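This is what each chain is made of:
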Amino acid sequence: MTWTRGPRTLLAVCVLLAGAAGCASEEARERASGASPTPVGTLLEDRDSEGRPFRQMARRDAPDVGIEVQPDAGGGWDVRLAVRKFRFSRAGAEGEAVAGRGLAHLYVDGRLVTRLRTTEYRLAAHLVPRGTHHVTARLYADDGTAWAVDGRPVESTADITASDPVPGATPSVSAPGEARTHSTDNRSRTRGRGSPDRAGKAS
């Protein structure tokens with residue numbers, strides 16, 4: 001996390017010269033001008049596929065996300081996220097980067113499906129046609145920047161395989177598949193949980 005000396009110096013000047021009221025008015029002016037009184041992380045030149053810049057955090061301070069995708073009885077897929085050091089912001093939240101706050105973008109094969117402010121979502125069957133697919137959850141700040149660690153987005157991917165439905169078959173769950181967090185390589189350093197296809201084949 002990178003901090004600037006400006007806000008801290010400003011706070012000391014406010015306390016010494018003008019008291020709490022002076023600081024409050026200065027903070028209000030900063031907000032009105034679009035400046036953040038407490039910068040979070042470091043903006044990188046790297047961007048995601050939608051052109052949104054990465055906001056780098058130290059690993060010890062960064063949020064984390066895991067993803068689990070399982071077939072449901074209705075032919076779709078239940079997605080569940082597990083987040084650490086992260087809270088979902090309410091809809092309409094102020095568009096600024098606050099440590100540990102924001103939303104998740106959900107992708108199927110790199111295509112944005114939805115933006116989430118909750119840990120659960122149902123993928124419709126038509127979004128996951130027959131074959132193997134990569135379902136990715138990536139964390140973003142409320143200003144649209146992607147949280148990142150070591151130059152890589154904070155994300156997790158589950159590989160799932162969908163087959164043609166078998167009449168009377170019940171979706172089953174097998175061993176976890178590989179997933180990724182803080183990485184762009186599809187089979188990398190951390191584990192998440194994927195799901196089997198509807199015939200019980202693990203991804």
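Here, the structure is the one placed above.
All of the points below concern the structure found in this document. (Residues numbered from 1 in each chain as written. Predicted model: local features only at pLDDT ≥ 70, side-chain atom pairs only at ≥ 80, totals over all residues. Heavy atoms only, no water.)

## Some details on the overall build of the protein
Under the convention used in this document: Strands here are runs of E lasting at least two residues and helices are runs of H or I lasting at least four, both read from the DSSP assignment and numbered beginning at the N terminus. Categorising residues by exposure relies on relative accessible area from a 1.4 Å probe, with only protein chains included: less than 20% of the type maximum marks a residue as buried, more than 50% marks it as exposed, and the intermediate range marks it as partly exposed. The contact criterion used throughout is that any non-hydrogen atoms of two residues lie within 4.5 Å. Computed by Shrake-Rupley with a 1.4 Å probe, the accessible areas treat only the displayed protein chains as cover when residues are assessed.
Of the regular secondary structure elements, the protein holds 1 helix and 12 strands. Its helices and strands taken in sequence order, the protein reads α-β-β-β-β-β-β-β-β-β-β-β-β from the N to the C terminus. In the protein, which comprises 203 residues, the proportion classed as buried is 40%. Look at the contacts in the protein between residues 6 or more apart in sequence, and 62% of them connect residues 24 or more apart. Taken as a whole, the protein presents about 10800 Å² of accessible surface, with 51% of it coming from carbon and sulfur.

## Thoughts on the pattern of salt bridges
Rules: By definition here, a salt bridge exists when the distance from a side-chain nitrogen of Lys or Arg to a carboxyl oxygen of Asp or Glu is within 4 Å.
Scanning the entire structure with this criterion turns up 8 salt bridges. As a salt-bridge pair, Arg55 and Asp143 come within 2.7 Å of each other at their nearest N and O atoms. With Arg55 in strand 2 (residues 53-56) and Asp143 in the loop between strand 9 (131-140) and strand 10 (146-149), this pair connects stretches of sequence that are 88 residues apart. A residue is classified by how much of its surface remains accessible, and Asp143, at 31% relative accessible area, is partly exposed. Two residues, Arg60 and Asp61, come together in a salt bridge whose shortest N-O distance is 3.8 Å.

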